[in-house]
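Structural overview for review
Residue strings, one per chain:
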Amino acid sequence: MSRRIAFDLEAGGGDGATVAGADEAGRGCLAGPLAAAAVSLDYAALDAADREALAGLDDSKRLSRSRREALYAEILGRARQVVVVLCSPATIDRDGLHRCNLRALTRAVELLRPAPDVVLVDGFRLPGCGREHRALVGGDRLSAAVGAASIVAKVTRDRLLVDLHAQHPGYGFDRHKGYGTAQHLQALQALGPLDVHRRS
């Protein structure tokens, strides 16, 4: 059993627990949405093969693209529920990044039905959240459920940026995924910002 699954089982009080994790992708980007995900894992329903398939769950940033994609498919096939909430660049500019981040994570957690036994959120307490939850610093490296949410948020957002590249190939969104790389900054200087760029 992976140490991240063992962490979830301990947090949930045993093998029969349903543990959900929440995390986001795209906080530090210049373009594209913020993606928040919540993933609920029903450990009572996961057999040894399921747990083995999910043993590689980790912080999405520590995984290769091909490994993230493979685990994304395993998550969708084995999770009790997966929720993704997107926050547009215009909304981020209007309301502020941190407020949007907390709101998107809260919405993702509250949409989980039925309610999991335990909710672990990577890094943040969610003020006003209607679900009891626990903030877990570095949660995507500690908890399988949070790692799953990290992967779902990252893969979902990356796919959107690849689609955006097809519409605006000069910006290189398929490579930098909206982050502030030298290539992206050069494209902004040469071509100017798009509606998908965050002004704030």
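To start, this report covers the structure provided alongside it. Chains are numbered independently. Their residues run from 1 in the order of the written sequence. Selection of residues for local features in this predicted model requires a pLDDT of at least 70, selection of side-chain atom pairs for listing and counting requires 80 or more, and totals for whole chains, interfaces and linings are taken over all residues. With hydrogens and water stripped out, all remaining heavy atoms of the structure feed into the side-chain values.

Next up on the list: the sheet that holds strand E4 (residues 118-122). On the basis of which strands lie adjacent, the open sheet formed by five strands has the order E3-E2-E1-E4-E5 and mixed pairing. Both outer strands of the open sheet, strand E3 (81-87) and strand E5 (134-136), are each paired with one neighbouring strand and no more. Neighbouring strand axes in the sheet, compared pairwise and without regard to direction, differ in orientation by 20 degrees on average. Where strand E2 (residues 34-42) meets E3, seven bridges bridge the pair, whose relative direction is antiparallel. From the neighbouring strand, Ala38 faces E3, where its bridge partner is Val83. Running at roughly 130 degrees to E4, helix H1 (residues 3-12) makes contact with strand E1 (18-25), E2, E4 and E5 of the sheet. Strands pair, by our definition, only if DSSP identifies at least two bridges between them. Secondary structure elements follow DSSP: runs of H or I no shorter than four residues count as helices, runs of E no shorter than two count as strands, and numbering proceeds from the N terminus. An axis is simply a line fitted to the C-alpha atoms; with a helix, the fit covers only the stretch in contact. Between two such axes, the angle follows the N-to-C directions and lies from 0 to 180 degrees. Residue contacts are defined here by distance: any two heavy atoms, one from each residue, within 4.5 Å place the two residues in contact.

For the rest of this paragraph, the subject is the pairing of E2. Counting buried residues along E2, nine of its nine residues qualify, which places the element largely inside the surrounding structure. Only protein chains enter the accessibility calculation, which uses a 1.4 Å probe; a residue whose area is less than 20% of its type maximum is buried, one above 50% is exposed, and one in between is partly exposed. Side chains of E2 alternate between two faces, with Leu34, Ala36, Ala38, Ser40 and Asp42 and Ala35, Ala37, Val39 and Leu41 buried alike. In terms of strand pairing, E1 meets E2 through eight bridges, oriented antiparallel. Its bridge partner lying in E2, Val19 is registered against Leu41.

In this section: the packing of helix H3 (residues 65-78) against helix H7 (residues 144-167). Axis angle and axis distance: for two packed helices, these are the angle between their axes and the distance between the axes, and together they describe the pair. Following both chains from N to C, one finds H3 and H7 inclined at 115 degrees, their axes separated by 9 Å at the closest point. The handedness of the crossing between H3 and H7 is left-handed. On H7, the residues touching Arg68, Glu69, Leu71, Tyr72 and Ile75 of H3 are Ala148, Ile151, Val152, Lys154, Val155, Thr156, Asp158 and Arg159. Three classes are used, and their members are as follows: Ala, Val, Leu, Ile, Met, Phe, Trp, Tyr, Cys and Pro are nonpolar, Asp, Glu, Lys and Arg are charged, and the others, Gly among them, are polar. The class makeup of the residues in the contact of H3 with H7 is seven nonpolar, one polar and five charged. Two helices cross in a left-handed way if the nearer one is turned anticlockwise from the farther one by less than a right angle. They cross in a right-handed way if the turn is clockwise.

Most of E4 is tucked away, with five of its five residues classed as buried. Neither face of E4 is left uncovered, since the one carrying Val118, Leu120 and Asp122 and the one carrying Val119 and Val121 both have all their residues buried. The pairing of E1 with E4 spans four bridges and is parallel. Across the sheet, the residue bridging to Ala22 is Val121, located in E4.

Residues grouped as a nonpolar core are buried Ala, Val, Leu, Ile, Met, Phe, Trp, Tyr and Cys residues, joined through side-chain atoms within 4.5 Å. With 30 residues, the main nonpolar core has Val19, Val39, Leu41, Tyr43, Leu57, Ile75 and Ile151 as its most contacted residues. Those elements that provide at least two residues to this core are H1, E1, E2, H3, E4 and H7. Apart from the residues lying within four places of it in its own chain, the contact partners of Val39 are Val19, Ala20, Gly21, Ile75, Ala79, Gln81, Val82, Ala145, Ala148, Ala149 and Val152. Among the nonpolar cores identified, the runner-up in size contains 16 residues, and Ala20, Leu105, Val121 and Cys129 belong to it.

The next subject is the packing of aromatic side chains. Side-chain rings of Phe, Tyr and Trp (the six-membered ring for Trp) are treated as a pair once their centres are within 6.5 Å; stacked means planes under 30 degrees apart, edge-to-face means over 60, and tilted covers the remaining angles. Overall, the coordinates contain one aromatic pair when judged by the stated rule. Taking the centre distance of 5.5 Å and the plane angle of 10 degrees together, the rings of Tyr171 and Phe173 count as stacked. By the burial criterion, Tyr171 is buried, and Phe173 matches it.

Below, the discussion takes up the pattern of salt bridges. Side chains carrying opposite charge are able to pair once their charged atoms draw close together. Salt bridges are defined as contacts in which a side-chain nitrogen from Lys or Arg sits within 4 Å of a carboxyl oxygen from Asp or Glu. Using the criterion set out here, one finds 13 salt bridges in the structure. As a salt-bridge pair, Arg159 and Glu69 come within 2.6 Å of each other at their nearest N and O atoms. Taken together, the positions of Arg159 in helix H7 and Glu69 in helix H3 put the pair 90 residues apart, joining distant regions of the chain. Relative accessible area serves as the criterion here: at 25%, Glu69 is assigned to the partly exposed category. Between Asp174 and Arg175 there is a salt bridge, with its nearest N and O atoms 3.6 Å apart. Salt bridges here are not isolated pairs; linked through shared partners, they connect Asp59, Lys61, Asp140 and Arg141.

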